[in-house]
Amino acid sequence: MDSGKMMHRRKPDIPVIRPGASDKKPNNLEVGVKSLELSKVIRLLEDPLTANLKERHLFVLKKLLKRSQIGFLLKELTDIAKILNVCGEKVTDHPEYVPVLCEVLQICRLPFLKEKSSDELTYAQDVIEFLSHLGYLMRVSHAEVRQQIVETVKSFYGCVAPKQRLDGLQPTSPGYRLQLLERSDLAQTLVLSLAALENQPAVKLQLLQTLKILSSSSDMNCALMLNAQGAETTCLHMNEPDPSGRVLLRSSEILWNLLERGREEVTAQLSRMECVINLKEAFLHKLMNSSRHSDLQLRNDLLVMTTLIAGNPSCLLIESLFAKQLVGLATFPELNSNNPLVRNFNLAYNNEDLKMKKLLLNLLVLMSKDFAALQLYKEERVMLALLTLAKPPAASSAVSPKRRSASLQWSSLQQEELQLQALATLCTVAPLMLDDYMACQGNSSLLLLLDWCVAQDAFFGQGHGSHNGGGRGRTKAQMRHCIRVLRSVTSSGEESVNQDLCDQGTINQFLGILMQMEASHDEEDAASLEIKSDIQLILSALCENDMHRKELFGSEGVEMAIHFLKKGCDKFYSGLGHNKLVLSTVDCVRSCIVGCYTTEDYFLAKEGACLLLDLLSSSPRCVHGNVLATLLELCDNPNALSHVLSWRDAGGQTAPTLLLRLWRDEEEELEVSRNRHGGIADPQRPILTRLQQEHSQLSLPDSIPSAAVLELSENLRLKIYSIFYKLGFEGLPGLSRKHYVTLSIVRRYLDFKVGEVWNEIREELSLNGVRPITPDREALRTICMIAEDTASRVAAEQNDFLEQQEKEDAGEEELLYTEMKSHWKQRQLIAKSWDRYVSRTSNYEILKEVKAQREKYIESFRSEAKHQDAAVHPKQHFIGQVMSIERTGAYGPAGVKLSIARVPIKAAGQNRVGASSQDPEYFSTVSVKD
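Values in this document were obtained by computation on a predicted structure and should not be read as measured data.

Draft legend 1. Local environment of the overall build of the protein. From N to C terminus, the protein includes 45 helices and 4 strands. Looking at the protein as a whole, 45% of its 930 residues qualify as buried. Considering only contacts within the protein whose residues lie at least 6 apart along the sequence, 75% involve residues at least 24 apart. Looking at the protein as shown, the accessible area adds up to about 48,400 Å², and 53% of this sits on carbon and sulfur atoms.

Written out as structure tokens, the structure is:
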């Protein structure tokens, strides 16, 4: 009956799932029989009346398993899980069920079977629960069952070829089971089962191998294992007796996989006391009993894990005494120690020992955050060991010649890497242990190393290692790290350290190194730029508060600062470090030059103030604060004001206009309320920023400065106001009316700020529900009114500036239009004259007409002139015209006979009329008579 119903549900006309109705009927019957048998088997195993029929159970189970040799159907997995659960409970009292369980687990290694493509989605939850039940079977104490479970899970990640299957049944996709495994509890259950395998080392090793596969396959498996305290559990069981010698290796591999996917959670679990002790025991065991390369690698892996957990503040390395042993090991073989661990340990000076040494030095940096660790460093003389490693190769090799033989010592390449690692460690440790640093003459050692780096015949580095960025055949990496150490100790502000450096001539030495690097033709890289900026920071730290050191900085230092200021900000965003160099140069000017009149005057004579203004005009906004602060302090020198006022940039911009532009940009950034002309828009809030408005309704505790006070140090307006206060607000060059609008706000900035602070006080009292006494309330109201009246007067003054500007603009516009009109009239006259000239030369009739008018005009002019001459000068015949000449032969005038005719003399100017008979308009194209 049941099988008939199943046949009725199945539709044989689906071509993909079932090829034909006639072929599928026997299979459907068999599947129905299987389903029916599983339900009967479950009733047989669970029914109280048949629960003790062991032989019947085994017979039925073997018969069922024989029919399932090709794999389990997805829809059968729920029933199979129930059968496994019942059999697992019976195994304790009846070991005969063990082969059945093992056979079921072996069949589970085969891919699950599906009848339809949709079965994978339909029975997904059943598969998840089935996989979880597989893990629950680890409660069975039989080693064979546990071995089969572990092997079955491991087989999920392999390629198990399915056996020959019935028609119409297909295996699930390869990744289907793995995806659902990540959603089950299998990984967590396997982790928890580690504690039950102390007496089964073979199973434990296989389980660790399976956990390694699970942890390396996906992040989700790692998260599930960490939820079950997988890192802690693995660490606690990795030192148990192990005949194979591979449990520690497998455990470390699992921990590595977990660290790669959940570092914070893993370090938190491994920081507990039991885990730290286990790590210590494992490391010390491998340290003293390792000779093979694989064992040395495992030792270093354990040290890396220890390094990772050392960064956790709650780590118990010191309490477990592990830190003391590690610190003592870090000073070996540079120092002789009474530590038993060191006395019984011998280095092979191979690459694995080098890695261990570098890891120990790095561990010193991580543990230095704990004050108790610093005490260990003092006891183990860590500072002396680090300075010994940091010495030049020739010096360090001569420290203990008896202790090292020619065959057992660090090679030159290894020595270089350790030297750089020691310098990197000193950068962090030295500022924390300045007493030990000075006791070991740290400054002298580092300055000697610096001399060795800049020498022409210096040691040629191999350019290897994580800290070597100087390249092969150079000592730039050593110089870089040496300068870093000196910068870190000088920046601590300890006067004894700085004075010791100055007594050894550090200032002149650093200036010489800077200019030597600038004079070289090497291409600038990140290392070179970092060295230069660090040297300038060291000089700033040394000279900031000491006038004598500023004098030592002297003209040579000024030349250096001028040289770097001239470079400008063209490469600010190059990514190599030019931005840091610009900032360190400005800081060097402020700390080493400003404040000493001799260096200030030399700096001004070298146009230093103009260079600062050039930098201010071309640099990005992040530099403006430092440059303005330096310029402000420089303006305390009276000679600097003339340099500032005489400055002009390439576009003719003056210093006041530049400062006012920066003011407007700053207020735009702060979102201060301004009208379209840059004037005051709200007299009640003349300089209030948007951030202050947002915090105006907040009541702050007394220990926190108000927004109005914090605003003074967070933007540029106070510095710009202070510079204008020293320059003066009258007679500034290059200002227009619009600039005066902004200048009026700058001039009253301090008054506005005082009113703003009083207004905050009044609002704070109102928020706290405090009512001042009547005189105080009136005083507050009066002060706020005065501030508002001041803002109103400034706004009116700005309106006057704008009106005058509008009038000037209108006059200039009118003058421009008049000039344009004149030019246009001139062009019309020229065009008209040209047209007349062309018409006369191209049309004969017009030419005759013009000529007639001209002759008529000339005749009228002549007749008028004749009448005038006749009235003034009458005709006289007092001279004759020579008519003929005859010669008589006599000498002298008597030999010539002349015949003369008398003619009248005309008035002056009459003959000129005929000479000027040409028309003047013919030659002129400008003057035309209408």
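So much for the structure itself; the text now carries on.
Draft legend 2. Broad picture of the packing of aromatic side chains. Scanning all chains against the criterion turns up 12 aromatic pairs. Relative to Phe801, the ring of Tyr740 lies with its centre 5.9 Å away and its plane at 40°, an arrangement referred to as tilted. Taken together, the residues Tyr740 in helix H41 (residues 737–747) and Phe801 in helix H43 (residues 774–842) connect sequence positions 61 residues apart. By relative accessible area, Tyr740 is classed as partly exposed at 27%. On the basis of relative accessibility, which here comes to 15%, the residue Phe801 falls in the buried class. The ring of Phe112 is capped by Arg177, whose NZ or CZ atom sits 5.1 Å from the centre of that ring. Between Arg717 and the ring centre of Trp663, over which it is positioned, the NZ or CZ distance is 6.0 Å.

Draft legend 3. Spotlight on the pattern of salt bridges. Tallied over the entire structure, the rule returns 44 salt bridges. In this structure, Arg661 engages Asp665 in a salt bridge whose closest nitrogen and oxygen atoms are separated by 3.7 Å. Placement of the pair is Arg661 and Asp665 together in helix H37 (residues 655–670), with a separation of 4 residues, close to one helical turn. Since its relative accessible area comes to 28%, Arg661 is described here as partly exposed. For Asp665, a relative accessible area of 36% puts it in the partly exposed group. Connected through shared salt-bridge partners, Glu667, Arg674, Glu711, Arg717, Lys753 and Glu756 make up one network.

Draft legend 4. Inspection of the nonpolar core at higher detail. Counting 222 residues, the largest nonpolar core has Tyr377, Leu539 and Phe553 as its most contacted members. Setting aside anything within four residues of it in sequence, one finds Leu539 in contact with Ile507, Phe510, Leu511, Leu514, Phe553, Met560, Cys588 and Cys592.

Draft legend 5. Molecular detail of the packing of helix H20 (residues 351–367) against helix H24 (residues 412–429). Here H20 crosses H24 at 10°, and the two axes come no closer than 9 Å. In this view, H20 runs roughly parallel relative to H24, as classed from their interaxial angle. In this structure, H20 uses Asn351, Leu354, Lys357, Lys358, Leu361, Asn362, Leu364 and Val365 to contact H24, whose residues at the interface are Gln414, Glu417, Leu418, Gln421, Ala422, Thr425, Thr428 and Val429. Among the residues making up the contact of H20 with H24, the classes are represented as 7 nonpolar, 6 polar and 3 charged.

Draft legend 6. Structural view of helix H4 (residues 77–91). Helix length check: H4, at 15 residues, gives a terminal C-alpha distance of 21 Å against a target of 21 Å (1.5 Å per residue), a fit within 8%. Looking only at H4, the buried set comprises Leu77, Ile80, Ala81, Ile83, Leu84, Val86, Cys87, Gly88, Lys90 and Val91.

Draft legend 7. Highlighting a nonpolar patch on the surface. A grouping of Leu750, Val754, Trp758 and Ile761 is seen on the molecular surface, where their side chains present a nonpolar patch of about 320 Å² in accessible area. Position of Leu750 relative to the elements: it lies in helix H42 (residues 749–767). Given a relative accessible area of 44%, Leu750 falls into the partly exposed group.

Draft legend 8. Main features of the side chain of Asp353. Mapped onto the elements, Asp353 comes out in helix H20. With a relative accessible area of 3%, Asp353 lands in the buried category. Of the polar contacts made by the side chain of Asp353, one reaches the side chain of Arg299; its length is 3.1 Å. Ignoring sequence-local partners within four residues, the contact set of Asp353 consists of Arg299, Leu347, Ala348 and Trp410.

Draft legend 9. Representation of the environment of His293 in the model. Mapped onto the fold, His293 is located in helix H17 (residues 293–310). Distance in space between the C-alpha atoms of His293 and Glu352 is 7.9 Å, their sequence separation being 59 residues.

Draft legend 10. Looking closely at a negative patch on the surface. Together, Glu797, Asp800, Glu803, Glu806, Asp809, Glu812, Glu813 and Glu814 give the surface a local cluster of negative charge. Positionally, Glu812 belongs in helix H43.

Draft legend 11. Representation of the environment of Thr689 in the model. Residue position: Thr689 is located in the loop between H37 and helix H38 (690–694). C-alpha of Thr689 to C-alpha of Val672: the two residues are 17 residues apart in sequence and 4.8 Å apart in space. The contact partners of Thr689, leaving out residues within four places of it in the chain, are Leu670, Glu671, Val672, Glu711 and Arg717.

Draft legend 12. Spatial organisation of the environment of Glu352. Its place among the elements puts Glu352 in helix H20. Separated by 57 residues in sequence, Glu352 and Asp295 have C-alpha atoms that sit 9.9 Å apart. If we skip the residues at most four places from it in the chain, Glu352 touches His293, Leu296, Gln297, Arg299 and Asn300.

Draft legend 13. Layout of the state of the cysteines. Applying the stated rule across the entire model yields 0 disulfides. Between Cys453, a cysteine without a disulfide, and Cys482, which holds the nearest cysteine sulfur, the sulfur-to-sulfur distance is 6.0 Å.

Draft legend 14. Representation of helix H11 (residues 201–217) within the structure. Across its 17 residues, H11 extends 24 Å between first and last C-alpha, which sits within 8% of the 24 Å expected from 1.5 Å per residue. Every buried residue belonging to H11 is among Val203, Lys204, Leu205, Leu207, Leu208, Gln209, Thr210, Leu211, Leu214 and Ser215, and all of these are buried. Looking at the buried residues of H11, the elements they touch are helix H8 (143–155), helix H9 (176–181), helix H10 (186–192), helix H12 (219–227) and helix H14 (247–261).

Draft legend 15. Here's a closer look at the packing of helix H39 (residues 707–714) against H42. Here H39 crosses H42 at 145°, and the two axes come no closer than 9 Å. Each of Ala707, Ala708, Glu711 and Leu712 in H39 lies in contact with H42, whose residues at this interface are Tyr749, Lys753, Glu756, Val757 and Glu760. Residues of the contact of H39 with H42, tallied by class, amount to 5 nonpolar, no polar and 4 charged.

Reading the values: the criteria
Residues numbered from 1 in each chain as written. Predicted model: local features only at pLDDT ≥ 70, side-chain atom pairs only at ≥ 80, totals over all residues. Heavy atoms only, no water. Helix = DSSP H or I, 4+ residues; strand = E, 2+ residues; numbered from the N terminus. Buried < 20%, exposed > 50% of the residue type's maximum accessible area, 1.4 Å probe, protein only. Contact = heavy atoms within 4.5 Å. Areas by Shrake-Rupley, 256 points an atom, 1.4 Å probe, with all protein chains shown as cover. Phe/Tyr/Trp six-rings, centres within 6.5 Å; stacked < 30°, edge-to-face > 60°. Lys NZ or Arg CZ within 6 Å of the ring centre and 35° of its normal. Salt bridge = Lys/Arg side-chain N within 4 Å of Asp/Glu carboxyl O. Core = buried A, V, L, I, M, F, W, Y, C linked by side-chain atoms within 4.5 Å. Axes fitted to C-alpha atoms, helices over the stretch in contact; angles between N-to-C directions. Parallel < 35°, antiparallel > 145°, perpendicular 65-115°, else oblique. Nonpolar A, V, L, I, M, F, W, Y, C, P; charged D, E, K, R; others polar. Expected span 1.5 Å × (residues − 1). Patch = residues over 30% accessible without salt bridge, like charges linked within 9 Å, V, L, I, M, F, W, Y side chains within 5 Å. Polar contact = N/O pair within 3.5 Å; in protein donor to acceptor, adjacent residues only side chain to side chain. Lys, Arg positive; Asp, Glu negative; His and termini not counted. Charge placed at Lys NZ, Arg CZ, Asp CG, Glu CD. Disulfide = S-S within 2.5 Å.

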